[in-house]
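Summary of the model geometry
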Amino acid sequence: MKFLFYILLLIQLGHTQSWNNHPELIWKTFETEHFIFHYHEGTERTVSEAAFVSEKIYKPITDYYDYRPKDKTTIVIKDTDDIANGTAFYYDNKLEIWAHPLEFDLRGSHRWLQNVITHEFTHIIQIQKSMKASTRFPAVYIQGFSYEDEKRDDVLYGYPKTMFSIPLPGVAVPPWLAEGTAQYMAPDLYYDFWDTHRDMVLRDLAINNKLLSFNEMNTFGKKGIGSELVYNQGFLFSDYLANRFGSQILPEISKILSSKTFSINEAILKATNFSGYQLYSDWETQLKDNYNNQLEIVNKNTVEGRIIENSGTTNLFPKWSPNGKKIAFISNQDNDYFGQTDLFIYNLDDSSTTKLMAGVKYAPSWLNDTTLIFTLRSKSNKNGSKYYNLYKMTLSEEEPEQITVDKRLRYPVFNSGNNLIAAISTTDGLSNIFISDADSIDFIKATNFNNQEYISSINWDNNDIIMDVITNHGRDLYRLDTENKKTYKILDNNNDLRSPCYSDETLYFSQDYNGIFNISYQDGDSLNFLTNVSGGAFMPDIKDNNLVYSLYQDGGYKIAIISDLEIISNHLVGYSNP
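Residues numbered from 1 in each chain as written. Predicted model: local features only at pLDDT ≥ 70, side-chain atom pairs only at ≥ 80, totals over all residues. Heavy atoms only, no water.

Looking at the overall build of the protein chain
Operational definition: Strands here are runs of E lasting at least two residues and helices are runs of H or I lasting at least four, both read from the DSSP assignment and numbered beginning at the N terminus. Each radius of gyration reported is based on C-alpha atoms, and the globular scaling rule is 2.2 Å times the count of residues to the power 0.38. We call two residues in contact when some of their heavy atoms are within 4.5 Å. Here the Shrake-Rupley method, with its probe set to 1.4 Å, supplies the accessible areas, and only the displayed protein chains count as covering residues. For the purpose of charge, His is not counted, nor are the chain termini; Lys and Arg are scored as positive and Asp and Glu as negative. Think of each charge as sitting on NZ of Lys, CZ of Arg, CG of Asp or CD of Glu.
From N to C terminus, the protein chain includes 10 helices and 31 strands. Taken over C-alpha atoms, the radius of gyration comes to 27 Å for the protein chain, in line with the 25 Å a tight globule of 578 residues would show. With the C-alpha coordinates aligned to their principal axes, the bounding extent of the protein chain is approximately 95 × 70 × 55 Å. Contacts in the protein chain between residues at least 24 apart in sequence constitute 53% of all its contacts with a sequence separation of at least 6. Accessible surface, the protein chain: about 26700 Å² in total, of which carbon and sulfur atoms supply 48%. Across the protein chain, the centroid of the 52 positively charged side chains sits 6 Å from that of the 74 negatively charged ones.

In structure tokens form, the structure reads like this:
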């Protein structure tokens, strides 16, 4: 019996202590006028920008909602893992922000700290504004009991007959409104906006008649990209309400939710004299009509090639093998959620797909026709941190070889001409490129970005490296001259430019020309297009005049191939009226 007790105790302790306290970190604290910052050594650049951003957004958001927290808001800055996220604990008046920028292929690119801090602080203000009581009372439960009549005089109570418990939450903000207002932010803040990526996801839903209903927007917990659609539709529907009734409609709905009603439909009705269902129906009709009109030319001149992989919702980063007989890519086809990706190999000889390794993130790279290097988030190190590291594996092996430890490296690319591997590392919110000889792994820093720029993807151009970089909104293309150790911008045309690759002295990339992402290439001063899709075309790779890319279509990313490439006239590409 005593033995069983100790076994159960160990199991219980194992389950309760599932997080890491990181005693190795040295934490520091400082205060500004409206915020308290807790951060650990190694996050100085992140917390410096976070403090500047927080004070800058405080007045616009609190003025917009006419609400200010009673105490200073606490912000905790963390960089203990290669995780990108932000969380608002609105009952505690606290934010938790990860230094690593978020890179999410269902949203556009925006400067991380401005975006996430403004988003999460809006949650604090908007939800506290909507509370029915103070932050000290998250909910009230009304419980009642009744009993059967007593059968004997010596029995005080009969058997229980009825029991009920009615929870009355202290806040009743539906997810679409919480996330929609957090992305809307405030009229004078533009650290987030309706970008081309979000428009792509909603456009695809609208033209395929798969929009979430007004009720379906009220819950998370959906598989695939379902939960992201709550963010997406909530954002544009909130924007629709603000445009139709004026920007003060969102604070007004929040104020009404703080009173007696628990119904978002009733709150919208009181604020606008229209029911939420009616307004949603009007918005949905307007949305579909607009997209159908905008896509008229694209639909008559579509060029998307042949889809070779459409299982799952996430099929990304296709890469030709050196001999052109195989394609490596990552996919969630065996999993439920968007970010649960594995490494797969597509064989063009028999059109078969084989899983090589589970848990792979970002783009793989071929060392030769049978060996790849790729990115995995490693198991916890001695301090409990989980970092991105590089691994190598042949097609016949069952387990990979880890080639870096705690280097926080991702997105490896191999240059067979000089036998070098380049990869991206992000620490304290700073992204830089590191390069190593492929035979003796020793990565050395090759760039010196120092202003919270984020490098998303890289590729070799002979001895140089080309990359897409986020500095504010969207991405621009840069080049690293490895010989002179200089980095400079090579293309910025006011479009979002990403996923550059170089083949036969030609630079290929994806860009949102006329509002829709398509694959293009630069020819002197002109831009030529190779795809014309109604969804989006991303992550090109070229081999012997064959293009493989990731196509967003019908609720997910597919892998598609176009052979015998032909130029598409620019006036046929994208929205009719961008």
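We are not done yet, so read on.
Some remarks on the pattern of salt bridges
The condition that has to hold: The working definition used for a salt bridge is a side-chain nitrogen of Lys or Arg within 4 Å of a carboxyl oxygen of Asp or Glu. A 1.4 Å probe rolled over the protein chains alone gives each residue an accessible area, and that area as a share of the maximum for its type sets the label: buried under 20%, exposed over 50%, partly exposed in between.
Within this structure, the stated rule accounts for 26 salt bridges. With a shortest N-O distance of 3.2 Å, Arg203 and Asp199 are connected by a salt bridge. Note that Arg203 and Asp199 are positioned in helix H5 (residues 196–207) at a spacing of 4 residues, about one turn of the helix. Judged by relative accessible area, Arg203 falls into the buried class, the value being 0%.

Thoughts on the side chain of Thr196
What counts is decided by this rule: Residues adjacent in sequence count toward polar contacts only when both atoms are side-chain atoms; beyond that, a polar contact is any pair of N or O atoms within 3.5 Å, and within protein one must be able to donate a hydrogen and the other to accept it.
The residue Thr196 is located in helix H5 in this model. Note on Thr196: relative accessible area 16%, which makes it buried. Among the polar contacts made by the side chain of Thr196, one reaches the side chain of Asp512 at a distance of 2.6 Å. Once residues within four sequence positions are removed from consideration, Thr196 is found in contact with Asp512, Gly515, Ile516 and Phe517.

A closer look at unusual backbone geometry
Phi is positive for Gln452, close to 65°, though the residue is something other than glycine. By the secondary structure assignment, Gln452 is in the loop between strand S20 (444–445) and strand S21 (454–461). The class of Gln452 is buried, set by a relative accessible area of 11%. The phi dihedral of Ser499 is positive, around 55°, even though this residue is not glycine. Summarising the element assignment, Ser499 is placed in strand S25 (residues 497–503). A relative accessible area of 10% means that Ser499 is categorised as buried.

What to know about the packing of aromatic side chains
Describing an aromatic ring pair means giving the distance of the ring centres and the angle of the ring planes. Rules: Aromatic rings from Phe, Tyr and Trp, taking only the six-membered ring of Trp, are treated as a pair when their centres fall within 6.5 Å; an angle between ring planes under 30 degrees marks them as stacked, one over 60 as edge-to-face, and anything in between as tilted. Here, over-ring charges are defined by two tests on the NZ atom of lysine or the CZ atom of arginine: distance to the ring centre within 6 Å, and angle to the ring normal within 35 degrees.
Summed over the entire model, instances satisfying the criterion amount to 33 aromatic pairs. Relative to Phe344, the ring of Phe329 lies with its centre 5.9 Å away and its plane at 20°, an arrangement referred to as stacked. Remark: Phe344 occurs in strand S11 (residues 342–347) and Phe329 occurs in strand S10 (residues 326–331); sequence separation between them is 15 residues. The class for Phe329 is buried, based on a relative accessible area of 0%. One cation-aromatic arrangement involves Arg107 over Tyr231; the distance from NZ or CZ to the ring centre is 4.6 Å. Between Arg410 and the ring centre of Tyr362, over which it is positioned, the NZ or CZ distance is 5.4 Å.

Observations regarding the sheet that holds strand S17 (residues 409–415)
Stated formally: Two strands are counted as paired when DSSP detects at least two bridges linking them.
With respect to topology, 4 strands assemble into an open sheet ordered S17-S18-S19-S20, the strand pairing being antiparallel. Across the chains shown, the open sheet's two edge strands, defined by having one partner strand only, are S17 and S20. Inspection of the sheet shows S17 paired to strand S18 (residues 420–427) by 5 bridges, in the antiparallel sense. Looking at S18, one finds that Phe414 is bridged to Ile421.

Description of the sheet that holds strand S3 (residues 73–78)
Going by this rule: Every axis corresponds to a line fitted to the C-alpha atoms, with the helix fit spanning only the stretch in contact, and the corresponding angles, defined between N-to-C directions, vary from 0 to 180 degrees.
Taken in spatial order, the 5 strands line up as S1-S2-S3-S5-S4 in an open sheet, and their pairing is mixed. What marks the edges here is a single partner per strand, and that holds for strand S1 (27–31) and strand S4 (86–89). Between one strand and the next, the sheet's axes are offset by a mean angle of 15°, whatever the strand orientation. Pairing analysis gives 5 bridges linking strand S2 (residues 35–40) to S3, with the strands arranged parallel.

Re the pairing of S17
In terms of residue burial, S17 counts as a mostly covered element, since 7 of its 7 residues are buried. Here S17 folds back onto S18, and the loop between the two strands holds 4 residues, one of which, Asn419, carries a positive phi near 55°.

Concerning the packing of helix H3 (residues 112–130) against helix H4 (residues 175–184)
For the record, the criterion: For classification purposes, an angle smaller than 35 degrees is called roughly parallel, one larger than 145 roughly antiparallel, one from 65 to 115 roughly perpendicular, and anything else oblique. Two helices that cross are described as forming a left-handed crossing if the nearer one is turned anticlockwise from the farther one by less than a right angle, and a right-handed crossing if clockwise.
Two numbers describe how H3 lies on H4: the axes approach to 8 Å, and their chain directions differ by 125°. Comparing the axis directions of H3 and H4 gives the class oblique. Note on packing geometry: the crossing formed by H3 with H4 is right-handed. Residue-level contacts link His119, Thr122, His123 and Gln126 of H3 to Leu177, Ala178, Glu179, Thr181, Ala182 and Gln183 of H4.

What to know about the nonpolar core
This is how the line gets drawn: The definition of a nonpolar core used throughout is a set of buried Ala, Val, Leu, Ile, Met, Phe, Trp, Tyr and Cys residues joined through side-chain atoms within 4.5 Å.
Ranked by internal contacts, the top residues of the largest apolar core, which has 127 residues, are Trp176, Phe237 and Ile458. With 9 residues, helix H2 (residues 44–65) is the single largest residue contributor to this core. Among all residues touching Ile458, those that are not within four sequence positions of it are Tyr411, Val413, Ala422, Ala423, Ile424, Ile433, Ile465, Ile466 and Met467.

A closer look at the layout of surface pockets
Counted only if it meets this: Each cavity reported here is a set of points on a 1 Å grid over the protein atoms alone in which a 1.4 Å probe fits but cannot get out, each pocket an open set with protein on both sides within 12 Å along at least five of seven lines, and each lining residue one with an atom within 4 Å of a point. Grid points are joined across faces, edges and corners, and a volume is the space filled by probe spheres set on the points. In the scheme used here, Gly and all other residues not listed as nonpolar or charged are polar, with Ala, Val, Leu, Ile, Met, Phe, Trp, Tyr, Cys and Pro taken as nonpolar and Asp, Glu, Lys and Arg as charged.
Here the second largest pocket defines a volume of roughly 810 Å³. In terms of residue count, the dominant contributor to the lining of the second largest pocket is strand S13 (residues 360–368) (5 residues). A breakdown of the residues in the lining of the second largest pocket according to their chemical character gives 13 nonpolar, 8 polar and 7 charged.

Regarding the packing of H5 against helix H6 (residues 226–245)
Pairs of packed helices are described in terms of their axes, by the angle between the two and the distance that separates them. Two elements in contact, H5 and H6, have axes separated by 10 Å at closest approach and are oriented at 95°. Between H5 and H6, the angle falls in the class roughly perpendicular. Residues Arg198, Val201, Leu202 and Leu205 of H5 form the contact with H6, whose participating residues are Leu229, Asn232, Gln233, Phe235 and Leu236. For the contact of H5 with H6, the residue count by class is 6 nonpolar, 2 polar and 1 charged.

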